[in-house]
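# Coordinate inspection notes
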Amino acid sequence: MAGMIKSSFLTLVVWLTAAMMSASVSASPRILSLDWTQTETLLALGVTPVAVAQKADYNSWVKAPPIPEKTVDIGLRTQPNMERLAELHPDKILISPIFKAMKPKLSTIAPVSSIPLYESGLSWASLKTVTRQIAREANRPEAGETLIANAKRQLASLRDTIPGEQPPLLMIQFLDANHVRVFGTNSLYHAAISELGLSNAWQNTTNSWGFSMVSTRELLDLDAQLVIVRPLPAGVEQTLQTNMFWQYLVKRTGHTPLMIDPVWSFGAIPSALRFARLVTAALTDQGGQS
């Protein structure tokens, strides 16, 4: 009898130990995210960061997935509140290489992982790679694969709804009434529209972030569908309505410009999906008509 009790007790101990180890493996660490790209990806993985930087600006520029109210804002991405950060006792801190100068100081609080995205040019393949890296950091590799697979399904579904043959897209953000950022083949926007079967009108060299800064006059000879990404600088939209050159440029394209809501152009899969949805909706509303 005593032997049976001892055996049952040992079995229970083994089971509880295994259960605790399993829970430890499956639990996500408490992560602080300074970079919005990592923040949006964590949220899309179902992981809420313990703290983020510049929550209000994230809500203006990135928008989705939304940051829960309970998530702490620790200030600027370039100058986080170190005292508040230390009080939160994160298990790890995620940064992008652009913030690498802060790594020694942040490392005194928690282990720091720097996850690059734009260093070697952006593509759908690099978006998958960075998603898997962040998922591993969050101890959620299966969620990473699910996010990638769901994104591909959604993009395929969107692609089927786009009407007819579409001209190449010229994707721009206004800097002022006469200058724009135009997004090339190593940009997030390009990665998104490529998955939709759409082409990019801007084939010129761009910077490592995927865009060129040019005068609107450099867009004149392009046969393309203009896609204007908000926000526009103050007063620009009104100025364009009476800007003779801009009106001539639009007429030359033969297509009504599409205006879409802000999308974080330096994001990952969540932003790529958001851009794809907005472009698809704009093209569908337009019905493929010029």
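In every chain, residue numbers begin from 1 and rise along the written sequence. Predicted model: local features are reported for residues with pLDDT of at least 70 only, side-chain atom pairs are reported and counted for 80 or more only, and whole-chain, interface and lining totals are derived from all residues. Note that the side-chain values use all heavy atoms of the structure and ignore hydrogens as well as water.

To continue, consider the overall build of the protein chain. Each helix is a run of H or I in the DSSP string that is no shorter than four residues. Each strand is a run of E no shorter than two, and both are numbered from the N terminus. If you tally the helices and strands in the protein chain, you get 11 helices and 10 strands. Exposure is judged per residue with a 1.4 Å probe applied to protein chains only, and the accessible area is read against the type maximum: over 50% gives exposed, under 20% gives buried, and values in between give partly exposed. Counting over 290 residues, the protein chain shows a buried share of 48%. Contacts spanning at least 24 positions in sequence make up 63% of the contacts within the protein chain whose residues lie at least 6 apart. Only heavy atoms enter the contact rule, under which two residues are in contact if any of them lie within 4.5 Å.

What follows concerns the nonpolar core. Counting residues in hydrophobic clusters, the biggest one holds 55 residues, and the most contacted among them are Leu127, Met171, Tyr189, Leu198, Ile269, Phe275 and Val279. Counting residues per element, the ones that place at least two in this core are α2 (36–44), α6 (124–137), α7 (141–161), β6 (169–176), α8 (188–195), β9 (225–229), β10 (258–260) and α11 (269–286). Considering every element that reaches this core, the biggest residue donor is α11, with 8 residues. The residues touching Tyr189, leaving out its near neighbours within four places in the chain, are Met171, Gln173, Phe183, Val229, Val263, Ser265 and Phe275. Throughout, nonpolar core names a set of buried Ala, Val, Leu, Ile, Met, Phe, Trp, Tyr and Cys residues whose side chains join them through atoms within 4.5 Å. If you look at the next biggest cluster of nonpolar residues, it comprises 19 residues, including Ile172, Ala224, Leu226 and Val250.

What follows concerns the sheet that holds strand β5 (residues 112–114). Paired strands are those between which DSSP finds at least two bridges. The strand order across the open sheet formed by 5 strands is β3-β2-β1-β4-β5, and the pairing between neighbours is parallel. Where the open sheet ends on each side, the last strands, each with one partner, are β3 (72–73) and β5. Of the strand pairs in this sheet, strand β1 (residues 31–33) and strand β4 (residues 92–95) are connected by 3 bridges, and their pairing is parallel. Its bridge partner lying in β4, Ile31 is registered against Lys92. Axis lines are fitted to C-alpha atoms, over the contacting stretch for helices. Their N-to-C directions set the angle, which ranges from 0 to 180 degrees. Across the sheet, α2 is in contact with β1, β2 (51–52) and β4; its angle to β1 comes to roughly 135°.

Moving on to the sheet that holds β9. On the basis of which strands lie adjacent, the open sheet formed by 5 strands has the order β8-β7-β6-β9-β10 and mixed pairing. The sheet is open, and its two edges are formed by β8 (211–215) and β10, each paired on a single side. The average undirected angle you get between the axes of adjacent strands in this sheet is 35°. Where β9 and β10 come together, 3 bridges link them in parallel fashion. Bridging from a neighbouring strand, Val227 pairs with Leu258 of β10. Running at roughly 155° to β6, α8 makes contact with β6, β7 (179–183) and β9 of the sheet. Sitting on the sheet, helix α10 (residues 244–253) is in contact with β6 and β9, with an inclination near 130° to β9.

Let's shift gears to the packing of aromatic side chains. Each aromatic pair joins two rings of Phe, Tyr and Trp (for Trp, the six-membered one) with centres within 6.5 Å, and gets the label stacked for planes under 30 degrees apart, edge-to-face for over 60, and tilted for any other angle. Summed over the entire model, instances satisfying the criterion amount to 9 aromatic pairs. An angle of 85° between the planes, with centres 6.5 Å apart, marks the rings of Trp36 and Tyr58 as edge-to-face. One end of the pair, Trp36, is in helix α2; the other, Tyr58, is in helix α3 (residues 55–61), with 22 residues separating them in the sequence. Classification of Trp36 as buried rests on a relative accessible area of 3%. Taken together, a centroid distance of 4.5 Å and an interplanar angle of 55° make the contact between Phe183 and Tyr189 tilted. Comparing Phe183 with Tyr189, the two get one shared label, buried. Here the guanidinium or amino end of Arg181 rests over the ring plane of Phe211, the centre of that ring lying 4.6 Å away. Whether a charge lies above a ring is judged from NZ of Lys or CZ of Arg, which has to be within 6 Å of the ring centre and within 35 degrees of the ring normal.

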